[in-house]
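Survey of secondary and tertiary structure
Letter by letter, the chains look like this.
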Amino acid sequence: MQKMTIQLWLKRSLSLALIQLLLACAAIDPNHILTRGFGNNAPAAGVALDSDTKQRAYDFVWNRVNEAYVDPNLNGVDWKKVGEEYQPRIFSAPSDEAFWKSLDNMVGELGDAHTRVLSAKQYAYFKEKAAYTIGLGVAELQGEVIVTGVAKDSSAEKAGITKGNRLLKIEGVDANDWWRLQLSKVRKNSSERAQAKSVKRILNSGDLDAPTDSIALQIERNDGSTVDVVLQRTQLPVSDSLNGKMLDEQIGYIRMSSFDASLGKQIEANYDKVREAKGLIIDLRGNGGGSLGVSLGMMNQLVQGTVPIGKRITRSGKPPALFFGLISTGKLELELRGVKNPYLGSVVVLVDGDSASASEFLASSLQAIGRAKVLGETSCGCLLGYMGYANVPGGGALAYSEIDFAPVNGKRIERVGVIPDQQVILNKMDLRANKDAGLEAAIQTLKNMQQDSVVKLVSAIE
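As a starting point, this report considers the structure included with it. From a predicted model like this one, the values you see are computed outputs, not experimental measurements.

Moving on, we get to the overall build of the protein chain. Helix and strand counts for the protein chain come out as 13 helices and 22 strands. Over its C-alpha atoms the protein chain spans a radius of gyration of 24 Å, differing by no more than 12% from the 23 Å that the globule rule assigns to 462 residues. Based on the C-alpha atoms only, the size of the protein chain along its principal axes is roughly 80 × 60 × 55 Å. Counting only residues that meet the buried cut, the protein chain has 48% of its 462 residues in that class. The contacts in the protein chain between residues at least 6 apart in sequence include a share of 72% that link residues at least 24 apart. Total accessible area computed for the protein chain in this model is approximately 22,500 Å², and 53% of it derives from carbon and sulfur atoms.

A few words now on the sheet that holds strand 21 (residues 404–407). Reading across the sheet, the three strands line up as 16-13-21 and stay open at both edges, with antiparallel pairing between neighbours. For this open sheet the edge positions go to strand 16 (333–337) and strand 21, each flanked by a neighbour on one side alone. When strand polarity is set aside, the average angle formed by the axes of neighbouring strands in this sheet is 35 degrees. Pairing geometry for strand 13 (residues 306–313) and strand 16, over five bridges, is antiparallel. Within strand 16, the residue paired with valine 307 across the bridge is leucine 336. On top of the sheet, helix 10 (residues 292–300) reaches strand 13, strand 16 and strand 21; it is set at about 40 degrees to strand 16, its chief contact.

Let's shift gears to the environment of leucine 383. Turning to its location among the elements, leucine 383 is positioned in the loop between strand 18 (373–376) and strand 19 (390–392). Placed 25 residues apart in sequence, leucine 383 and alanine 358 show a C-alpha to C-alpha distance of 7.3 Å. Beyond its immediate sequence surroundings of up to four residues, leucine 383 is in contact with His114, Ser357, Glu360, Phe361, Ser364, Asp404, Phe405, Ile413 and Glu414.

Before going further, it helps to examine the sheet that holds strand 19. Strand order in the open sheet formed by three strands is 1-20-19, with antiparallel pairing between adjacent strands. The sheet is open, and its two borders are formed by strand 1 (116–118) and strand 19, each paired with just one other strand. Pairwise comparison of adjacent strand axes, ignoring direction, gives a mean angle of 30 degrees for this sheet. Of the strand pairs in this sheet, strand 1 and strand 20 (residues 396–399) are connected by three bridges, and their pairing is antiparallel. By the bridge assignment for strand 20, arginine 116 is matched with alanine 399. Lying over the sheet, helix 2 (residues 51–68) contacts strand 1, strand 19 and strand 20, oriented at roughly 150 degrees with respect to strand 19. On top of the sheet, helix 5 (residues 120–127) reaches strand 1, strand 19 and strand 20; it is set at about 90 degrees to strand 1, its chief contact.

What follows deals with the side chain of lysine 200. Checked against the element boundaries, lysine 200 lands in helix 8 (residues 192–205). The buried category is assigned to lysine 200, whose relative accessible area is 16%. Polar contacts involving the side chain of lysine 200 include one to the main-chain carbonyl oxygen of valine 138, which spans 3.4 Å. Residue contacts for lysine 200: discarding those within four places in its chain leaves Val138, Ala139, Trp179 and Asp354.

Turning to the packing of helix 2 against helix 4 (residues 96–108), a few remarks are in order. Here helix 2 crosses helix 4 at 15 degrees, and the two axes come no closer than 11 Å. One way to sum up the angle between helix 2 and helix 4 is to call them roughly parallel. Crossing hand, helix 2 versus helix 4: right-handed. Mapping the contact onto sequence places Lys54, Ala57, Tyr58, Val61, Trp62 and Val65 in helix 2 and Asp96, Phe99, Trp100, Leu103, Met106 and Val107 in helix 4.

Take helix 2 next. Over its 18 residues, helix 2 runs 25 Å from end to end, which matches the ideal 26 Å to within 8%, given 1.5 Å per residue. Residues of helix 2 that are buried include every one of Thr53, Lys54, Ala57, Tyr58, Val61, Trp62, Arg64, Val65 and Ala68, and no others. On its buried side, helix 2 packs onto helix 3 (79–91), helix 4, strand 1, strand 19 and strand 20. The residue sitting at the N-terminus of helix 2 and contributing the capping side-chain oxygen is aspartate 50; that oxygen lies 3.3 Å from the backbone nitrogen of aspartate 52.

What follows concerns the nonpolar core. One finds Met256, Tyr271, Leu280, Ile282, Met298 and Val349 to be the most contacted residues of the largest nonpolar core, which totals 38 residues. Counting residues per element, the ones that place at least two in this core are strand 11 (251–256), helix 9 (267–272), strand 12 (279–283), helix 10, strand 13, strand 16, strand 17 (346–351) and helix 11 (358–368). Of all the elements, helix 11 adds the most residues to this core, at five residues. Those residues in contact with isoleucine 282 that lie beyond four places of it in its chain are Ile254, Tyr271, Met298, Leu302, Val347, Val348, Val349 and Leu350. Trp62, Trp79, Val82 and Val392 belong to the second-largest nonpolar core, a separate cluster that totals 29 residues.

This next bit is on the packing of aromatic side chains. What describes a pair of aromatic rings is the distance from one ring centre to the other and the angle between the planes of the rings. What the rule picks out here adds up to nine aromatic pairs. With a centroid separation of 4.8 Å and an interplanar angle of 70 degrees, the aromatic rings of phenylalanine 126 and tyrosine 389 are classed as edge-to-face. Of the two residues, phenylalanine 126 sits in helix 5 while tyrosine 389 sits in the loop between strand 18 and strand 19, which places them 263 residues apart along the sequence. Here tyrosine 389 falls in the buried class, since its relative accessible area comes to 10%. Measuring from ring centre to ring centre gives 5.5 Å for tyrosine 386 and tyrosine 389, while their planes differ by 65 degrees; the resulting arrangement is edge-to-face. Since its relative accessible area comes to 24%, tyrosine 386 is described here as partly exposed. Grouped by ring-pair contacts, the aromatic residues Tyr123, Phe126, Tyr386 and Tyr389 constitute a single cluster.

Rules of the game
Residues numbered from 1 in each chain as written. Predicted model: local features only at pLDDT ≥ 70, side-chain atom pairs only at ≥ 80, totals over all residues. Heavy atoms only, no water. Helix = DSSP H or I, 4+ residues; strand = E, 2+ residues; numbered from the N terminus. Rg over C-alpha atoms; globule rule 2.2 N^0.38 Å. Buried < 20%, exposed > 50% of the residue type's maximum accessible area, 1.4 Å probe, protein only. Contact = heavy atoms within 4.5 Å. Areas by Shrake-Rupley, 256 points an atom, 1.4 Å probe, with all protein chains shown as cover. Pairing = 2+ DSSP bridges. Axes fitted to C-alpha atoms, helices over the stretch in contact; angles between N-to-C directions. Polar contact = N/O pair within 3.5 Å; in protein donor to acceptor, adjacent residues only side chain to side chain. Parallel < 35°, antiparallel > 145°, perpendicular 65-115°, else oblique. Left-handed = near helix turned anticlockwise from the far one by under 90°. Expected span 1.5 Å × (residues − 1). Core = buried A, V, L, I, M, F, W, Y, C linked by side-chain atoms within 4.5 Å. Phe/Tyr/Trp six-rings, centres within 6.5 Å; stacked < 30°, edge-to-face > 60°.

Structure follows, in structure tokens:
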């Protein structure tokens, strides 16, 4: 027993010494790749953050952004002034949740969806791959707040809410008025579409300023009847999926819910399901992004040889590295490397306003090199990169943009979005009729592309 105690003490001492060494020597880990996972123990349940922890959290967030944000000019923001203006608001926040939200509002002044602060509670859900939600997908369509999807096993599903239902009231307030009010209050972001995503999160998960476990809605059913419901926010698993299939003998279809790193191993198998198709649809609607590597892996299946698609931009002008620059995280130049048996048929990529980050990277890259047509709605405009959350004292987390992207065609996606080759606008009537206008347009586009190829072939023979 004594031997085990000594071994445990030695192990802890060595771990502490290693942590201190890494923290003390910025040259070893200049991009905080190793150390960002240390030092954010949350207080016990029911115990509020003390003033010392709040000060350390504030200092950590402000300093890390100041020192490591991808743009040394911080998007033209006077970061020192922002810190001075926000500091009294942050420390006078009436609750811990409001404290974290105030920190998030501070980094929001950069107008960047990828730079954000999560509360201890939000970070815990993130690590558990779970969401605290009522399970409603919604959008403001032609001046109405319309249900676009319902999560399985959610309180929304149990209440019988379906696609096409219209929200008439939210917490007793006209739904349109509520939506506009939330838009006016949410933090700055990369684009209007990114701000709309924030409103959707408030509807589903609640506002950190006044967190509640339920929300009252008045719903107009698809048959025109109305119903009042109170939906409970519950914890639901966040599932990442990649599914390929044939829609018919000619059209293949791949649907990705995210670019989570776990999906990388499934790429080839799903392409194998559609490799004989004459045309392929890659559906990234609602896909909020994820791993750059998975996005590259998806595109590698669509080209032959080496194809340049742009470059990464970092604050230092060098790739992120470890140990005095001896270990690099890869070249700044970005290129596709075709697989042995690539899919070379026609490709259409579907996107919408919720398609972000790695989704936009894939869609814009294939569009820029002429490998695919993009259909749907203008994407989020949220294309910067970070290398993982940094633990913040007190249990929260900070994501800060560390990488920007310069596409081969020079069209920056951040704040602009991927502009589709063909716009397909979602509407209430299609949702109520269970009609997928985007998918139908993609199929027709592929058929037109195939017909054009036949005409060109005949002309060449003649």
